[in-house]
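# Analysis of the macromolecular model
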Amino acid sequence: LCILDWGMVTRLDPDLQITLIEHMAHLTSADYDEIPKDLLLLGFIPEEYSDVIGDSGVVETLAEIYGAWTGGGGAAAVNVN
């Protein structure tokens, strides 16, 4: 069963589409060295903070969340504590 909310659909620039796909591929394939660059390209991290993203814990947190999702169980499998 799949429920889609078409109210949340938007058009994305082709470059942004590729960057999102690459980001998901990096997370699911455990290519964590690429995540900081992905976050910059996606606009989640301001350019002036690019030097601190590696030590911030964000990559490890995203890796843990996506690892739980790829292991099955959906959002319920993610430990938020």
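Refer to the structure presented above.
Everything numeric here is computed off the predicted structure, so don't read it as measured data.

## Regarding the overall build of the protein
Helix and strand counts for the protein stand at 3 helices and 0 strands. In the protein, the order of α-helices and β-strands from amino to carboxyl end is α-α-α. Here the protein holds 81 residues, and 21% of them are scored as buried. Considering only contacts within the protein whose residues lie at least 6 apart along the sequence, 24% involve residues at least 24 apart.

## A look at the pattern of salt bridges
Per the counting criterion, the structure on display carries 1 salt bridge. E34 is the partner of K37 in a salt bridge, and the nearest nitrogen-oxygen pair spans 3.2 Å. For E34, a relative accessible area of 25% corresponds to the partly exposed category.

The rules behind each value
- Residues numbered from 1 in each chain as written.
- Predicted model: local features only at pLDDT ≥ 70, side-chain atom pairs only at ≥ 80, totals over all residues.
- Heavy atoms only, no water.
- Helix = DSSP H or I, 4+ residues; strand = E, 2+ residues; numbered from the N terminus.
- Buried < 20%, exposed > 50% of the residue type's maximum accessible area, 1.4 Å probe, protein only.
- Contact = heavy atoms within 4.5 Å.
- Salt bridge = Lys/Arg side-chain N within 4 Å of Asp/Glu carboxyl O.

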